[in-house]
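Structural features, examined
These are the residues of each chain, in order.
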Amino acid sequence: TKRVDPKYTPEAMRAKIQGVVTLLVSIDAKGVVTGATVAESLDAENGLDNSAIDAVMQWSFLPGTIDGVAKPFNVKVSMEFRLH
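To start, this report covers the structure provided alongside it.

The rules we used
- Residues numbered from 1 in each chain as written.
- Predicted model: local features only at pLDDT ≥ 70, side-chain atom pairs only at ≥ 80, totals over all residues.
- Heavy atoms only, no water.
- Pairing = 2+ DSSP bridges.
- Helix = DSSP H or I, 4+ residues; strand = E, 2+ residues; numbered from the N terminus.
- Axes fitted to C-alpha atoms, helices over the stretch in contact; angles between N-to-C directions.
- Contact = heavy atoms within 4.5 Å.
- Buried < 20%, exposed > 50% of the residue type's maximum accessible area, 1.4 Å probe, protein only.
- Lys, Arg positive; Asp, Glu negative; His and termini not counted.
- Salt bridge = Lys/Arg side-chain N within 4 Å of Asp/Glu carboxyl O.

1. What to know about the sheet that holds strand E1 (residues 19-27)
With antiparallel pairing, the three strands of this open sheet are ordered in space as E2-E1-E5. Each having just a single partner strand, strand E2 (33-40) and strand E5 (73-81) make up the two edges of the open sheet. Between one strand axis and the next, the sheet turns through 30° on average, direction left out of account. Relative to E5, E1 runs antiparallel, the two being bridged by nine bridges. By the bridge assignment, Val-25 is partnered in E5 with Val-75. Each of E1, E2 and E5 is contacted by helix H2 (residues 48-56), which is oriented at about 40° to E1, the strand it contacts most.

2. A short note on unusual backbone geometry
Positive phi values are uncommon outside glycine, yet Lys-16 reaches one of about 55°. With respect to the helices and strands, Lys-16 occurs in the loop between helix H1 (10-15) and E1. Judged by relative accessible area, which is 64%, Lys-16 ranks as exposed. We note that Asp-67 has phi near 55°; this positive angle belongs to a residue other than glycine. Looking at the secondary structure, you find Asp-67 in the loop between strand E3 (64-66) and strand E4 (69-71). Residue classification places Asp-67 among the exposed positions, given a relative accessible area of 79%.

3. Examining the side chain of Asp-43
As for its position among the elements, Asp-43 is in the loop between E2 and H2. Arg-14 is the oppositely charged side chain nearest to the buried, salt-bridge-free Asp-43, at an N-O distance of 11 Å. With sequence-adjacent residues up to four places away left out, Asp-43 is seen in contact with Ala-12, Ile-17, Leu-48 and Asp-49.

This is the structure:
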């Protein structure tokens, strides 16, 4: 229900790094992100992996349900970094 885009770090912009960071994201029964880890790194050195985590930690989701009951769940999220 809420999505925040990741921000390029100045170092990554200077290095002209582009690509995708894939995260494993944990979401509670209320749809709140409770944690995120990098599944596939793009750039740990210049901060893009951390920028992706910072952004997804601000996201919110509709609660996941099983048989009508809200449950916590995990999802894989890919964040793309492209220079314009």
